[in-house]
There are 2 protein chains.
Amino acid sequence: MNARSPAQNAELALLLEVTGTPKPGNVDRHREYDDLRFEHFMAGAVGSTPGLALAQKGAAVGRAFERCIAGMAEQSAGNTQFGALLLLVPLVQAASTHDDGLSSESASEVVGSTTVEDACDFYRAFEHVSVAVDDPPSELDALDVRQGTRAASTLRERELTLMDVMELSAEIDGVAREWTQGFPRSFGAADWIEESEGPIAERAADAFLRLLSEEPDTFIVKQHDVATAAEASERAQRARTGETDPDVLAEEFIQQDINPGTTADLTAAALFIALERGLSV
Amino acid sequence: MNARSPAQNAELALLLEVTGTPKPGNVDRHREYDDLRFEHFMAGAVGSTPGLALAQKGAAVGRAFERCIAGMAEQSAGNTQFGALLLLVPLVQAASTHDDGLSSESASEVVGSTTVEDACDFYRAFEHVSVAVDDPPSELDALDVRQGTRAASTLRERELTLMDVMELSAEIDGVAREWTQGFPRSFGAADWIEESEGPIAERAADAFLRLLSEEPDTFIVKQHDVATAAEASERAQRARTGETDPDVLAEEFIQQDINPGTTADLTAAALFIALERGLSV
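The model shown is predicted, which means the values in this text are computed figures rather than measured ones.

Chemist: Would you explain the interface of chain A and chain B in this entry?
Modeler: A common measure of how large an interface is: the accessible area buried when the components associate. Across the contact, 29 residues belong to chain A and 29 residues belong to chain B. Interface area for chain A against chain B, summed over the two sides, is near 2,600 Å², with a carbon-plus-sulfur share of 59%. Considering only the side of chain A, the residues that lose the most area to chain B are A:R29, A:E39 and A:E74, jointly responsible for 24% of the buried surface there. Where chain A touches chain B, the interface holds two salt bridges. A salt bridge links A:E32 to B:R29; the shortest N-O distance between them is 3.1 Å. Of all the secondary-structure elements, those providing two or more residues to the side of chain A that touches chain B are α1 (6-19), α2 (38-47), α3 (49-56) and α12 (200-214) of chain A.

Following this line, the structure appears as structure tokens:
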């Protein structure tokens, strides 16, 4: 029955991710912000499809990603799915171009083969949208992503591939860490989604909470600090065990501006992997 | 800013339609049935995209529609957006292939040019999915859509184009009526959506209620009878004027199994037209 292409499954993963509720601190089907609404995520997902189709055809990862972001940004709320697409693009490529299909190994091979040009295109993607980032250490100023295309000369001079760039931020960014470690959390959460039962959106919401409870969200670290992120994970754990009502936690996180965005990105990647393995909606 | 293609806007229209809430009697972001969930509409929309892309490239209307339905049906809930796609396919084609762009005239030209082969492909689409229909008058038995591909010989013998088939059901089917009259309600509701303000999903929900209040829903007629449909429109009118709470009406319709599906189809078509005219999300 499943005749969706990898690019279609990636779009569907983005849609199912935001459909899952409650996902404390994130936009979901029942919660949104005035300037970041559910409908912006719909438009972001639809806009990313030409880029996802490029990834499926085996285009360079950086180029496909930059096209995803250009299309995603065609709505008024800015960044909706930047991190999720950074995970999905290499996964789509691994699923569609590798003889052995999608696996941690094939995904690692895709990201390990990225080039300096991929890195330049990755920086170009930041020109389409404002993404929350920390100031880099001063020796890396020239590689601040906010440099956009101006970073190209530095990237070429130092011969940094996109994988090298991800290695530079792996410590502080949960998405980059997936790139450098074979996407372990994405594949792990895909297992949970496949092993559980019921509506997919509910399984995704549970995977989100479990991911968050297991590791601090690096986006919360960027927005707030390490202590807030660690505490958010403990609160997620209490919501999982039933000590707290997840819906109450969702309201609290919104009030406290705690937004586990990286965990949402991982959830989208996990949904994609599960769909590719045959999860039926 | 709007660089989405007509096929992308059509998919986004499907997603925004189901996002709008409350849409009394229909699945929306806050209401779903156990066996027909919000996520099935996400998968239905994603699945329809290869067919929508065919419509955009100028493929035959019947063929593009049949591909839309084959893809839409790749989820476990069956029919999610059959009627909406029957409106969207000719509209996408008019938007992408007509020099003057999308209008009631160009859409009428597209449907007026359909052939007997389009009619055969339309019947083929019913093989992918179970669609609620009435028994046809006995002289039309051979053209009962439940005949699927078996109707082809009759269609060829009588030289019936897809437009002819729509004319045969225009009286009892609100989607077919749009085909034969230049899509007046779709274009009219697009005006309302464009003229109003606020989140697109809310404008869509209001357009839905207004469409329903103005004319009985032919899907309710099929499921129940003319009186129930007329009464549903009166109740929708009371919800529009504030006499009834739309959320209460939504609960009542669900309990009474009143499902204004054709009105939802028209809302999706209206959203597409508004997006094509530049409505920004």
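Chemist: Would you explain the nonpolar core in this entry?
Modeler: Where a protein is soluble and globular, its nonpolar side chains tend to be buried together. Membership of the largest hydrophobic core comes to 164 residues, with the highest contact counts inside it found for A:F122, A:L155, B:F122 and B:L155. Ignoring sequence-local partners within four residues, the contact set of B:F122 consists of B:F65, B:F82, B:L86, B:V145, B:L162, B:V165 and B:M166.

Chemist: Would you take a moment to explain the side chain of A:T21 for this structure?
Modeler: All names here are of chain A. Residue position: T21 is located in the loop between α1 and α2. Here D28 takes part through its side chain, which lies 2.9 Å from a polar atom of the side chain of T21. Setting aside residues no more than four positions away along its own chain, T21 makes contact with D28, R29, H30, R31, A201 and A205.

Chemist: Would you take a moment to explain the packing of aromatic side chains for this structure?
Modeler: In this description, a pair of aromatic rings is defined by centroid distance and the angle of the planes. Residues and elements named next belong to chain A. In total, this model carries 14 aromatic pairs over all chains according to the counting rule given. With a centroid separation of 6.4 Å and 55° between ring planes, the pair formed by F82 and F122 is classed as tilted. A residue pair is termed long-range when its members are at least 10 positions apart, and F82 in helix α5 (residues 82-97) and F122 in helix α7 (residues 116-125) qualify at 40 residues. Both residues of the pair, F82 and F122, count as buried. The ring of F208 carries the charged tip of K23 above its face, separated from the ring centre by 6.0 Å.

Chemist: Can you walk me through the relation of the copies chain A and chain B in this structure?
Modeler: The relation between the two chain copies is a rotation about an axis coupled with a shift along that axis. Once chain A has been moved 0.0 Å along the axis and rotated by 180°, it coincides with chain B to within an RMSD of 0.0 Å. Within this description, the copies of the chain are treated as partners about a two-fold rotation axis. Using C-alpha coordinates, one finds that chain A approaches the rotation axis most closely at A:R29, a distance of 3.0 Å. Take the interface residues of chain A: 100% of them recur as interface residues in chain B, which is what a same-surface contact looks like.

Chemist: Explanation requested: the side chain of A:R31 in the structure shown.
Modeler: All names here are of chain A. By the secondary structure assignment, R31 is in the loop between α1 and α2. The exposure class of R31 is buried, given its relative accessible area of 11%. Polar contacts involving the side chain of R31 include one to the side chain of D247, which spans 2.9 Å.

Chemist: How should helix α1 (residues 6-19) of chain B be read in this particular structure?
Modeler: Residues spaced three or four apart along an α-helix point in a common direction, a consequence of the helix completing one turn every 3.6 residues. Spanning 14 residues, α1(B) covers 20 Å between terminal C-alpha atoms, matching the ideal 20 Å at 1.5 Å per step. A large share of α1(B) lies buried, amounting to 14 of its 14 residues.

Chemist: Sorry if this is basic, but what is going on with the environment of B:Q81 here?
Modeler: Tracing the backbone through its elements, the reader meets B:Q81 in the loop between α4 (61-72) and α5 (82-97). Beyond its immediate chain neighbours, meaning those up to four positions away, B:Q81 contacts B:L14, B:F41, B:G44, B:A45 and B:M72.

Chemist: Would you explain the pattern of salt bridges in this entry?
Modeler: Between side chains of opposite charge, a pair can form as their charged atoms come close. Residue and element names in this part refer to chain A. One pass over the structure, following the stated rule, counts 38 salt bridges over all chains. With a closest N to O distance of 3.5 Å, E66 and R63 form a salt bridge. Taken together, the residues span about one helical turn, with E66 and R63 both in helix α4 (residues 61-72) at a distance of three residues. The partly exposed category is assigned to R63, whose relative accessible area is 40%. The closest approach of N and O atoms between E66 and R67, which form a salt bridge, is 3.0 Å. On the basis of relative accessible area, R67 is assigned to the partly exposed category, the value being 32%. One connected set of salt bridges, linked through shared partners, spans D28, R31, D247 and E251.

Definitions and cut-offs
- Residues numbered from 1 in each chain as written.
- Chains lettered and ligands numbered in written order.
- Predicted model: local features only at pLDDT ≥ 70, side-chain atom pairs only at ≥ 80, totals over all residues.
- Heavy atoms only, no water.
- Contact = heavy atoms within 4.5 Å.
- Buried area = accessible area lost by both parts, 1.4 Å probe.
- Salt bridge = Lys/Arg side-chain N within 4 Å of Asp/Glu carboxyl O.
- Helix = DSSP H or I, 4+ residues; strand = E, 2+ residues; numbered from the N terminus.
- Core = buried A, V, L, I, M, F, W, Y, C linked by side-chain atoms within 4.5 Å.
- Buried < 20%, exposed > 50% of the residue type's maximum accessible area, 1.4 Å probe, protein only.
- Polar contact = N/O pair within 3.5 Å; in protein donor to acceptor, adjacent residues only side chain to side chain.
- Phe/Tyr/Trp six-rings, centres within 6.5 Å; stacked < 30°, edge-to-face > 60°.
- Lys NZ or Arg CZ within 6 Å of the ring centre and 35° of its normal.
- Least-squares fit on C-alpha atoms with pLDDT ≥ 70 in both.
- Expected span 1.5 Å × (residues − 1).

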